Amino acid sequence: MDSLAVRQRMVQKLAGQGVTDPLVLSAMGSIERHRFVDSALVNQAYEDTSLPIGLGQTISKPGVVSRMIELLRNGVSGPMGRVLEIGTGCGYQAAVLSCVATEVYSIERLRGLHDKARDNLRPLLLPNVHLLFGDGMAGYAKGGPYSGIISAAGGDALPQAWVDQLAMGGRLVAPVVHAGGQALLVVDKTPQGLRQSILEAVHFVPLKSGVA
Ligand code: SAH
């Protein structure tokens, strides 16, 4: 498949949906999403749809990945600083993040997916992506403080560790349980305290504790 042309069409659609951050659009245009999904799903890799990645988990649709990363970057020009991702899954979003941030720490609680992400990312040779196996609810203090924290799994409440590991001036973007469903939560850590906003409804897999 001529995946470059197909990705360019996807990027045009993302821009049409309102994504404007040039670094996010170029990252979405360069990372080959079809390499992260099962061979039976390759034909759907550039449609704006979430796809199964095994062990009951899903890769988010490109529209949601680009929207969340744009929010995370909060309008900075050039790469942002260190980022923590909770929920590596197949590694796709970690690869996109590697294009827009200086360092990416990504944690996964399911061994099978952690290994899969490692296999998927190896040929891309991304020296600034660090994959960790563990419970992301505890964050990863050693890599912090983070300019950005992004979760690909939705919990009832925000783990305190994430807030603690966020740098002053940093931003956290995560799905949280809200009004009987899930919504995107954005938290800014400011000298005056935390500033929180709830944005649109989303559908993410649940944030779970412990490893498996
Ligand atoms: N960003 C991923 C999306 C994966 S789906 C991608 O691009 O493929 C969300 C992932 O979060 C799942 O793999 C799930 O196992 C993981 N997850 C859920 N709770 C977690 C936790 N406490 N710590 C780490 N990962 C978690």
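Every value quoted in this text rests on a predicted model; they were computed, and no experiment measured them.

Analysis parameters
One numbering rule holds for all chains: residues counted from 1, following each sequence as written. Under the rules for a predicted model, residues below a pLDDT of 70 receive no local features and side-chain atom pairs below 80 are neither given nor counted, while totals for whole chains, interfaces and linings still include all residues. Excluded from the side-chain calculations are hydrogens and water; all other atoms, namely the structure's heavy atoms, are used. A helix here means a DSSP run of H or I that spans at least four residues, while a strand means a run of E at least two residues long, and both kinds are numbered starting from the N terminus. In this scheme, a helix's expected span is set at 1.5 Å multiplied by one less than its residue total. Here a residue counts as near a molecule or strand whenever at least one of its heavy atoms sits within 4 Å of it. In protein, a polar contact means a hydrogen-donor-capable atom and an acceptor-capable atom, both N or O and within 3.5 Å, with residues adjacent in sequence counting only if both atoms are side-chain atoms; elsewhere, any N or O pair within 3.5 Å suffices. Note on areas: Shrake-Rupley, 1.4 Å probe, and residue coverage restricted to the protein chains presented here. Residues are grouped as follows: Ala, Val, Leu, Ile, Met, Phe, Trp, Tyr, Cys and Pro are nonpolar; Asp, Glu, Lys and Arg are charged; all remaining types, including Gly, are polar. For every element, the axis is a line fit to its C-alpha atoms; helices are fit only across the contacting stretch, and the angle between N-to-C directions ranges from 0 to 180 degrees. An angle below 35 degrees is treated as roughly parallel, one above 145 as roughly antiparallel, one from 65 to 115 as roughly perpendicular, and anything else as oblique. Whether a crossing is left-handed or right-handed is set by the direction in which the near helix is turned from the far one by less than a right angle, anticlockwise for left-handed and clockwise for right-handed. Working rule for contacts: check all heavy atoms of both residues, and any pair within 4.5 Å makes them a contact. Under the pairing criterion, centres of Phe, Tyr and Trp rings, with the six-membered ring standing for Trp, must be within 6.5 Å; the plane angle then separates stacked pairs below 30 degrees from edge-to-face pairs above 60, leaving the rest tilted. The classification of residues rests on relative accessible area computed with a 1.4 Å probe and restricted to protein chains. Under 20% of the type maximum is buried, over 50% is exposed, and intermediate values are partly exposed. Only Lys NZ and Arg CZ are tested; either one counts as a charge over a ring when it is within 6 Å of the ring centre and within 35 degrees of the ring normal. The criterion is simple. A nonpolar core is a set of buried Ala, Val, Leu, Ile, Met, Phe, Trp, Tyr and Cys residues joined through side-chain atoms within 4.5 Å.

J.: Please explain helix α3 (residues 62-73) as it appears in this structure.
T.: Helical geometry note: an α-helix holds 3.6 residues per turn, so side chains three or four residues apart project in the same direction. The terminal C-alpha atoms of α3 lie 16 Å apart, and with 12 residues this matches the ideal 16 Å at 1.5 Å per residue to within 8%. Downstream of α3 by one or two residues, N74 has phi in the positive range, about 55°.

J.: Help me out: how do you make sense of the site of the ligand in this one?
T.: Among the 27 residues in the neighbourhood of the ligand, the closest are listed as T58, E108, D135, G136 and K208. In this structure, a nitrogen atom belonging to the ligand sits 2.6 Å away from a main-chain N or O atom of K208. Relative to its unbound accessible surface of 580 Å², the ligand loses 99% to contact with the protein. Only β2 (57-59), β3 (80-86), α4 (92-98), β4 (101-108) and β11 (205-206) provide two or more residues apiece to the shell around the ligand. The class makeup of the residues in the shell around the ligand is 13 nonpolar, nine polar and five charged.

J.: I would appreciate a short explanation of the packing of helix α1 (residues 3-16) against helix α2 (residues 22-30) in the present structure.
T.: How two helices pack is summed up by the angle between their axes together with the distance between the axes. Closest axis-to-axis distance for the α1/α2 pair is 8 Å, and the angle between their directions is 150°. Classified by the angle between their axes, α1 and α2 sit roughly antiparallel to one another. Crossing of α1 against α2: the hand is right-handed. Across the interface between the two elements, L4, R7, Q8, M10, V11, L14 and A15 of α1 pack against L25, M28, G29 and S30 of α2. Partitioned by chemical class, the residues of the contact of α1 with α2 number seven nonpolar, three polar and one charged.

J.: Would you mind showing me how to read the packing of aromatic side chains here?
T.: One pass over the full model with this rule turns up three aromatic pairs. Consider the rings of F36 and Y92, whose centres lie 5.6 Å apart with planes at 75°: the pair is edge-to-face. Here F36 is found in the loop between α2 and β1 (51-54), whereas its partner Y92 is found in helix α4, with 56 residues between them in sequence. For F36, a relative accessible area of 4% corresponds to the buried category. Site record: aromatic cluster; members linked through ring pairs are Y105, Y140 and Y146. One cation-aromatic arrangement involves R33 over Y92; the distance from NZ or CZ to the ring centre is 5.7 Å. For R111, the ring lying beneath its charged end belongs to F133, and the centroid distance is 4.0 Å.

J.: It is not clear to me how the nonpolar core should be interpreted in this structure. Could you clarify?
T.: In a soluble, globular protein the nonpolar side chains are often hidden away together inside. Residues M28, I69, Y92 and L97 are the most contacted members of the largest nonpolar core, which totals 46 residues. For this core, the element with the most residues is α3, which contributes six residues. Ignoring anything within four residues of it in the chain, the contact list for M28 reads R7, M10, V11, L14, P62, V65, S66, Y92 and V96. Ranked by size, the runner-up nonpolar core spans 18 residues in total, among them L132, I149, A153 and L185.

Everything listed here is a matter of geometry and, on its own, says nothing about what the molecule does.
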